[in-house]
Amino acid sequence: MKEDLLGAGKKLLAVFAHPDDETFICGGTLAKYAAAGAEITLISATRGEMGRRMGNPPYLNRETIASAREQELREACRHLGVAHLHFLDIRDKTVEFIEEAELTARIEKYIREIEPDAVLTFHEQWGGHPDHCAIGRATRIAYEQSGCQSGLYYISYGNMMAAPERYGYTRKDVVKIDISEQFRAKLAAFRAHRCQSELDAWVWLPDAEAIAQFGKHEYFVRHQA
């Protein structure tokens, strides 16, 4: 397995669907590259206004949740070292219904402007949520249309890609990032997403106990044309 996404590059673009995708899935990786001097740009398609979690006990409603989650994401980005945050202003749970050419063009514009050395997104079939799959497909098409020569990588959940053969991949397809030095930054970002993480008791244990819940590595699958 490779152990680096950027090589000598210094720009990373992450394109996800909701606030907290960046932290819960690959927050350690973003923090690691930011700490090494990389310029991280995050695009969130939505503000997560249709999320079912409203805090514990609930303190948000459908009128207030979008603003709250935006502010939580901004705080998480500060902990992770994300330099630039952009919203596509798509309503949560409707990304799959946006005209594909329009969505693709918007993402392609960012790719051309930023010229990233690596792009992270969801796999269009295995994203686990319709919004995830839709933003992953649009990002993949935008990446290909842009002529970008950097790497496009799909996130994976937990340690499932520690044994990629089970999913039809080889170890050469996978990048394995050691995030053990970024546990505290990742935990702070988890806690920043308060309304989504308050129901997870482990997040709020003493730091050492909470950090013990994290895996040492985050895994990514390289796109093959």
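Everything below is about the structure shown above.
Since we're looking at a predicted model, the values are computed, not measured. (Residues numbered from 1 in each chain as written. Predicted model: local features only at pLDDT ≥ 70, side-chain atom pairs only at ≥ 80, totals over all residues. Heavy atoms only, no water.)

**Notes on the nonpolar core**
Counting residues in hydrophobic clusters, the biggest one holds 61 residues, and the most contacted among them are Leu88, Ile107, Leu120, Ile135 and Phe220. For this core, the element with the most residues is helix 1 (residues 21-35), which contributes 6 residues. Excluding its chain neighbours within four sequence positions, the residues that come into contact with isoleucine 135 are Val15, Phe16, Ala17, Ala45, Leu88, Val95, Leu103, Ile107, Thr121 and Phe122. Core analysis: the second largest hydrophobic core is formed by 5 residues, Met161, Tyr169, Tyr219 and Val221 among them. (Core = buried A, V, L, I, M, F, W, Y, C linked by side-chain atoms within 4.5 Å. Buried < 20%, exposed > 50% of the residue type's maximum accessible area, 1.4 Å probe, protein only. Helix = DSSP H or I, 4+ residues; strand = E, 2+ residues; numbered from the N terminus. Contact = heavy atoms within 4.5 Å.)

**A look at the sheet that holds strand 5 (residues 151-155)**
One open sheet accounts for 7 strands, arranged 3-2-1-4-5-7-6; its pairing is mixed. The open sheet has two edge strands, strand 3 (84-87) and strand 6 (174-178), and neither has a second partner. On average, each strand axis in the sheet is inclined to that of its neighbour by 25°, with strand direction left out of account. Summarising the sheet, strand 2 (residues 39-44) and strand 3 pair through 4 bridges and their orientation is parallel. When the sheet's bridge partners are listed, leucine 42 is paired in strand 3 with leucine 85. (Pairing = 2+ DSSP bridges. Axes fitted to C-alpha atoms, helices over the stretch in contact; angles between N-to-C directions.)

**So, the pairing of strand 1 (residues 11-16)**
When you tally the buried positions in strand 1, you get 5 out of 6 residues, the bulk of the element. Bridge analysis of strand 1 against strand 2 gives 6 bridges, and the strand direction is parallel. Note that in strand 2 the partner of leucine 13 across the bridge is threonine 41. Crossover connection from strand 1 via helix 1 to parallel strand 2: handedness right-handed. Relative to strand 4 (residues 118-121), strand 1 runs parallel, the two sharing 3 bridges. Note that in strand 4 the partner of leucine 12 across the bridge is alanine 118. (Right-handed = clockwise from strand over helix to strand, strands pointing away.)

**Some words on the packing of aromatic side chains**
Applying the stated rule across the entire model yields 7 aromatic pairs. Taking the centre distance of 5.3 Å and the plane angle of 70° together, the rings of phenylalanine 16 and phenylalanine 122 count as edge-to-face. Residue phenylalanine 16 is located in strand 1, and its partner phenylalanine 122 is located in the loop between strand 4 and helix 4 (130-146); the two are separated by 106 residues in the primary sequence. In this structure phenylalanine 16 comes out as buried when scored by relative accessible area, which is 1%. For phenylalanine 122, a relative accessible area of 0% gives the class buried. Clustering of aromatic rings is evident, with ring pairs tying together Phe24, Phe183, Phe190, Trp202 and Phe214. (Phe/Tyr/Trp six-rings, centres within 6.5 Å; stacked < 30°, edge-to-face > 60°.)

**Considering the side chain of glutamine 182**
Relative to the elements of secondary structure, glutamine 182 occurs in the loop between strand 6 and helix 5 (183-192). Aside from chain neighbours lying at most four places away, what touches glutamine 182 is Gly28, Ala31 and Lys32.

**Things to note about the pattern of salt bridges**
Applying the stated criterion across every chain, the model contains 17 salt bridges. The partner of arginine 137 in a salt bridge is glutamate 100, with the nearest N and O atoms 2.6 Å apart. Placement of arginine 137 in helix 4 and of glutamate 100 in helix 3 (residues 100-114) is noted, with a sequence separation of 37 residues between them. In this structure, arginine 137 engages glutamate 124 in a salt bridge whose closest nitrogen and oxygen atoms are separated by 3.2 Å. (Salt bridge = Lys/Arg side-chain N within 4 Å of Asp/Glu carboxyl O.)

**A few points about the environment of arginine 52**
Here arginine 52 shows up in the loop between strand 2 and helix 2 (65-80). Measuring from C-alpha to C-alpha, the distance between arginine 52 and isoleucine 65 comes to 10.0 Å, with 13 residues separating the pair along the chain.

**Observations regarding the side chain of glutamate 22**
Structurally, glutamate 22 is set in helix 1. Despite being buried, glutamate 22 has no salt bridge partner; arginine 69 is the closest side chain of opposite charge, sitting 7.6 Å away. (Lys, Arg positive; Asp, Glu negative; His and termini not counted.)

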